[in-house]
Amino acid sequence: EAGLLARAPRLTATQLRAAAVKAVAAADPAGAEERHQTARAGRFVSPPCPEPHGMASLLIRLPAEDAAALYTAVDAAARHTPAQGRTLDQLRADVLAGLGWSALTCGHLGCCHPDCGHLNQPLGARRGKAAAVNVTVAYTTVIGVDDQPAHLHSYGPITAQVARRIAADGT
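The following refers to the structure shown. Just so we're clear, the structure is a prediction, and the values are computed from it rather than from any experiment.

1. Points about the overall build of the protein
On a plain count of helices and strands, the protein comes out with 7 helices and 11 strands. Out of the 171 residues in the protein, the part that is buried amounts to 12%. When contacts within the protein are restricted to residue pairs at least 6 apart in sequence, long-range pairs at least 24 apart make up 14% of them. Of the accessible surface of the protein, which amounts to about 13,000 Å², a share of 60% is contributed by carbon and sulfur atoms.

Here it is as structure tokens:
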């Protein structure tokens, strides 16, 4: 504590927090690992949380190394993708969304990490039906007669144009 307090005035809040976490882990490595294992048991991916204007957010809580691997892979793919007027943040989001759409199209989520144990993990079925994104939209809206809002399951109302894009590749 004394060593950390002596350096504190020269550190930003983020640097001070990181230094404190490191100091606690150094002082009690076994306790730090035990706390990590307890926290690791609470990992999750939330269902989509609706936001305004047809947007949604996901909360993902992962062990730091898994989050770093996911971000690094998404970032590397985004940096390799032609921008076509998109920002790097938009490209990262598009790459991650593309992973989900690709898995739904192929029926499996590819994984080639030797420790994964889920090589080409098939997507599970629910009530005998394959995993899918479901949208309820009026036929008149699909064919462009009107612009009635549609319903995206697990989200809520969406615009007619979004529903048409989903339905264009759907069954």
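Past the structure itself, the notes keep going.
2. Focus on the nonpolar core
Core analysis: the largest hydrophobic core is formed by 6 residues, namely Ala 150, Leu 152, Tyr 155, Ile 158, Ala 163 and Ile 166. Sorting the residues of this core by element identifies strand 10 (150–152) and helix 7 (160–168) as the ones contributing at least two each. With residues near it in sequence (within four places) discarded, Ala 163 still touches Val 135, Val 137, Ala 150 and Ile 158.

3. Notes on the packing of helix 4 (residues 64–80) against helix 5 (residues 88–106)
Where helix 4 contacts helix 5, the two axes come as close as 8 Å, and the packing angle between them is 110°. By the criterion of interaxial angle, the relationship of helix 4 to helix 5 is roughly perpendicular. Judged by the twist between their axes, the crossing of helix 4 over helix 5 is right-handed. The segment helix 4 lies against helix 5, with Leu 70, Tyr 71, Val 74, Asp 75, Ala 77, Ala 78 and Arg 79 engaging Leu 88, Leu 91, Arg 92, Val 95 and Leu 96. Here the contact of helix 4 with helix 5 is composed, by residue class, of 9 nonpolar, no polar and 3 charged.

4. What to know about the side chain of Thr 141
Looking at where Thr 141 falls in the secondary structure, it is placed in helix 6 (residues 139–142). For Thr 141, a relative accessible area of 0% corresponds to the buried category. At a separation of 3.4 Å, a polar atom in the side chain of Thr 141 contacts the main-chain amide nitrogen of Gln 148.

5. What about the packing of helix 2 (residues 13–27) against helix 3 (residues 29–40)?
The interhelical angle for the contact between helix 2 and helix 3, taken along N-to-C directions, is 115°, at an axis separation of 5 Å. Contact residues: helix 2 offers Val 24, Ala 25, Ala 26 and Ala 27, while helix 3 offers Pro 29, Ala 32 and Arg 35. A per-class count over the contact of helix 2 with helix 3 returns 6 nonpolar, no polar and 1 charged.

6. Brief notes about the pattern of salt bridges
If the charged atoms of two oppositely charged side chains come close together, the side chains can form a pair. Scanning the model with the defined rule gives 7 salt bridges in all. Measuring nitrogen to oxygen at the nearest pair gives 2.6 Å for the salt bridge that ties Arg 92 to Asp 89. Taken together, the residues Arg 92 and Asp 89, both in helix 5 and 3 residues apart, mark about one turn of the helix. Classification of Arg 92 as buried rests on a relative accessible area of 13%. A relative accessible area of 55% means that Asp 89 is categorised as exposed. Between Asp 147 and Arg 164 there is a salt bridge whose closest N-O contact spans 2.6 Å. Residue Asp 147 is located in the loop between helix 6 and strand 10, and its partner Arg 164 is located in helix 7; the two are separated by 17 residues in the primary sequence. Judged by relative accessible area, Asp 147 falls into the exposed class, the value being 58%. Under the relative-accessibility criterion, Arg 164 is labelled partly exposed at 21%.

Here is what the cut-offs are and how they apply
- Residues numbered from 1 in each chain as written.
- Predicted model: local features only at pLDDT ≥ 70, side-chain atom pairs only at ≥ 80, totals over all residues.
- Heavy atoms only, no water.
- Helix = DSSP H or I, 4+ residues; strand = E, 2+ residues; numbered from the N terminus.
- Buried < 20%, exposed > 50% of the residue type's maximum accessible area, 1.4 Å probe, protein only.
- Contact = heavy atoms within 4.5 Å.
- Areas by Shrake-Rupley, 256 points an atom, 1.4 Å probe, with all protein chains shown as cover.
- Core = buried A, V, L, I, M, F, W, Y, C linked by side-chain atoms within 4.5 Å.
- Axes fitted to C-alpha atoms, helices over the stretch in contact; angles between N-to-C directions.
- Parallel < 35°, antiparallel > 145°, perpendicular 65-115°, else oblique.
- Left-handed = near helix turned anticlockwise from the far one by under 90°.
- Nonpolar A, V, L, I, M, F, W, Y, C, P; charged D, E, K, R; others polar.
- Polar contact = N/O pair within 3.5 Å; in protein donor to acceptor, adjacent residues only side chain to side chain.
- Salt bridge = Lys/Arg side-chain N within 4 Å of Asp/Glu carboxyl O.

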